[in-house]
There are 2 protein chains.
Amino acid sequence: MTGQSKGQEVKDQMPDENLLYDLAELFKVFGDSTRIRILFALFESEMSVSDIAESLQMTQSAISHQLRILKQSKLVGARREGKQIIYSLADDHVRTIINQGWDHVTE
Amino acid sequence: MTGQSKGQEVKDQMPDENLLYDLAELFKVFGDSTRIRILFALFESEMSVSDIAESLQMTQSAISHQLRILKQSKLVGARREGKQIIYSLADDHVRTIINQGWDHVTE
DNA sequence: TAAACACATGAACAAATGCTCATATGTTCA
DNA sequence: TGAACATATGAGCATTTGTTCATGTGTTTA
């Protein structure tokens, strides 16, 4: 027996404070229906900003603001193609995370 | 050629609006550092409210408010044990979702 | 080069969120 | 039964967040 309380014991095993914060920040990005809908749209195929805006029936500005957040979190990537900017899903983590969430919601 | 724009094509394949909303709501729950820390604490073992509060160095009230949200989303379960209420992780989806997020953040 | 097009961005504002404080509910035990 | 303990909850408040509106930046084309 160490004499430590359960709260203390568990506290000692908690991961780094900053990493937990980053993790919460990541999930926060998934936690908005506009951004989720953007990700689902990009699930199908890469698209320009205006294509996404049309697909979600939202203004170009609103979409652009959210794309910036998605890009900062490295959930999407972007490349220029003439006047347009083409956005696409960054990697497979995005798909996996969304799929897991999907399972939880649809069961 | 159908004459449909790309935005329209993708829109036609989007999942149900309400499900996407629920999915965003789910991730929103993970998207707060207090709740993430609670989940990590429960990762180790089930605990009472006051144990969690001590472990996270937060007030009982703040923890209780957040536990309610976690319970509503079915991410944690609770059972009474005397005066205490013992909370625990609901199922393995929670672990999987967090692990995937963890991979994205730590790589 | 000037106009047209595609996208990005800052300010402003309404809505949502998380904590605190006070207090209510529920359980045990003397 | 009443006091002590554990947890839940409502109101209030400060902060964060997402959209709109106006405008800025970058690219193509006439």
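Please refer to the structure higher up on the page.
Residues numbered from 1 in each chain as written. Chains lettered and ligands numbered in written order. Predicted model: local features only at pLDDT ≥ 70, side-chain atom pairs only at ≥ 80, totals over all residues. Heavy atoms only, no water.

**Section: the overall build of chain A**
In step 1: Regarding its fold elements, chain A presents six helices and three strands.
In step 2: Along chain A, from the amino end to the carboxyl end, the secondary structure elements read α-α-α-β-α-α-β-β-α.
In step 3: Structurally, chain A occupies a C-alpha span of about 65 × 30 × 25 Å along its principal axes.
In step 4: Every one of the 107 residues in chain A was classed for burial, and the buried ones make up 43%.
In step 5: Contacts in chain A between residues at least 24 apart in sequence constitute 52% of all its contacts with a sequence separation of at least 6.
In step 6: When the accessible area of chain A is evaluated, it comes to approximately 5600 Å², of which 45% is carbon and sulfur surface.
In step 7: Considering chain A, the positive charge centre built from 12 side chains and the negative charge centre built from 16 side chains are found 8 Å apart. (Helix = DSSP H or I, 4+ residues; strand = E, 2+ residues; numbered from the N terminus. Buried < 20%, exposed > 50% of the residue type's maximum accessible area, 1.4 Å probe, protein only. Contact = heavy atoms within 4.5 Å. Areas by Shrake-Rupley, 256 points an atom, 1.4 Å probe, with all protein chains shown as cover. Lys, Arg positive; Asp, Glu negative; His and termini not counted. Charge placed at Lys NZ, Arg CZ, Asp CG, Glu CD.)

**Section: the nonpolar core**
In step 1: Phe30 and Ile52 of chain A together with Phe30 of chain B are the most contacted members of the largest nonpolar core, which totals 61 residues.
In step 2: Every residue in contact with phenylalanine 30 of chain B, bar those within four places of it in the chain, is listed here: Ala24 and Phe27 of chain A together with Ile36, Leu39, Leu75, Val94, Ile97 and Ile98 of chain B. (Core = buried A, V, L, I, M, F, W, Y, C linked by side-chain atoms within 4.5 Å.)

**Some words on the sheet that holds strand β1 (residues 47-48) of chain A**
Residues and elements named next belong to chain A.
In step 1: The antiparallel open sheet is built from three strands, whose spatial order is β1-β3-β2. One side of each edge strand has no neighbouring strand; the edge strands of this open sheet are β1 and β2 (76-81).
In step 2: Sheet topology places β1 next to strand β3 (residues 84-89); two bridges connect them, and they run antiparallel. Of the residues in β3, the one forming a bridge with methionine 47 is tyrosine 87. (Pairing = 2+ DSSP bridges.)

**Looking at the protein's contact with DNA strand C**
In step 1: Near DNA strand C lie 25 residues; those nearest to it are Ser64 and Tyr87 of chain A together with Thr34, Ser61 and Gln66 of chain B.
In step 2: Backbone atoms, meaning sugar and phosphate, form 65% of the atoms of DNA strand C found within 4 Å of the protein.
In step 3: One of the side-chain N or O atoms of tyrosine 87 of chain A is found 2.6 Å from a phosphate oxygen in DNA strand C.
In step 4: Serine 61 of chain B has a polar side-chain atom sitting 2.7 Å from a base nitrogen of DNA strand C.
In step 5: Counting residues per element, the ones that place at least two in the surface near DNA strand C are α4 (49-56), α5 (60-72) and β3 of chain A together with α3 (33-44) and α5 (60-72) of chain B.
In step 6: With five residues, the single largest contributor to the surface near DNA strand C is α5 of chain A.
In step 7: Of the residues belonging to the surface near DNA strand C, the class tally is five nonpolar, 13 polar and seven charged. (Near = heavy atom within 4 Å. Polar contact = N/O pair within 3.5 Å; in protein donor to acceptor, adjacent residues only side chain to side chain. Nonpolar A, V, L, I, M, F, W, Y, C, P; charged D, E, K, R; others polar.)

**Here's the deal with the packing of helix α3 (residues 33-44) of chain A against helix α6 (residues 92-106) of chain A**
Residues and elements named next belong to chain A.
In step 1: Interaxial distance between α3 and α6 falls to 12 Å at its minimum, and their mutual angle equals 120°. Seen from above, α3 lies across α6 with left-handed handedness. In this structure, α3 uses Leu39, Phe40 and Phe43 to contact α6, whose residues at the interface are Val94, Arg95, Ile98, Asn99 and Trp102. (Axes fitted to C-alpha atoms, helices over the stretch in contact; angles between N-to-C directions. Left-handed = near helix turned anticlockwise from the far one by under 90°.)

**A closer look at the protein's contact with DNA strand D**
In step 1: Neighbouring DNA strand D are 25 residues; Thr34, Ser61 and Gln66 of chain A together with Ser61 and Tyr87 of chain B lie closest to it.
In step 2: If you look at DNA strand D and keep only atoms within 4 Å of the protein, 62% of those are sugar or phosphate atoms.
In step 3: Taking arginine 35 of chain A, its side chain carries an N or O atom lying 2.8 Å from a phosphate oxygen of DNA strand D.
In step 4: A distance of 3.4 Å is found between a phosphate oxygen of DNA strand D and a backbone nitrogen or oxygen belonging to isoleucine 85 of chain B.
In step 5: When contributions to the surface near DNA strand D are tallied by element, the ones reaching two or more residues are α3 and α5 of chain A together with α4 (49-56), α5 and β3 (84-89) of chain B.
In step 6: At five residues, the largest contribution of residues to the surface near DNA strand D is made by α5 of chain B.

**Remarks on the layout of surface pockets**
Remark: the empty space left among the atoms is shown by a probe the size of a water molecule rolled over them.
In step 1: Reported here for the largest pocket is a volume of approximately 260 Å³.
In step 2: What lines the largest pocket is simply His104, Val105 and Glu107 of chain A together with Asp22, Glu25, Leu26, Val29, Gln72, Ser73, Lys74 and Asp91 of chain B.
In step 3: Going through the elements one at a time, α6 of chain A together with α2 (17-30) of chain B are the ones with two or more residues in the lining of the largest pocket.
In step 4: At four residues, the largest contribution of residues to the lining of the largest pocket is made by α2 of chain B.
In step 5: Considering only residue class, the lining of the largest pocket consists of three nonpolar, three polar and five charged. (1 Å grid on protein atoms, 1.4 Å probe; cavity = no way out; pocket = protein on both sides within 12 Å on 5 of 7 lines; lining within 4 Å. Points joined across faces, edges and corners; volume = space filled by probe spheres on them.)

**Quick word on the pairing of strand β2 (residues 76-81) of chain B**
All names here are of chain B.
In step 1: Relative to β3, β2 is paired through six bridges, and the arrangement is antiparallel. Residue pairing for β3: arginine 80 is matched across the bridge by isoleucine 85.
In step 2: Counting the residues between successive antiparallel strands, the hairpin from β2 to β3 contains two residues, one of them, glycine 82, with a positive phi of roughly 70°.

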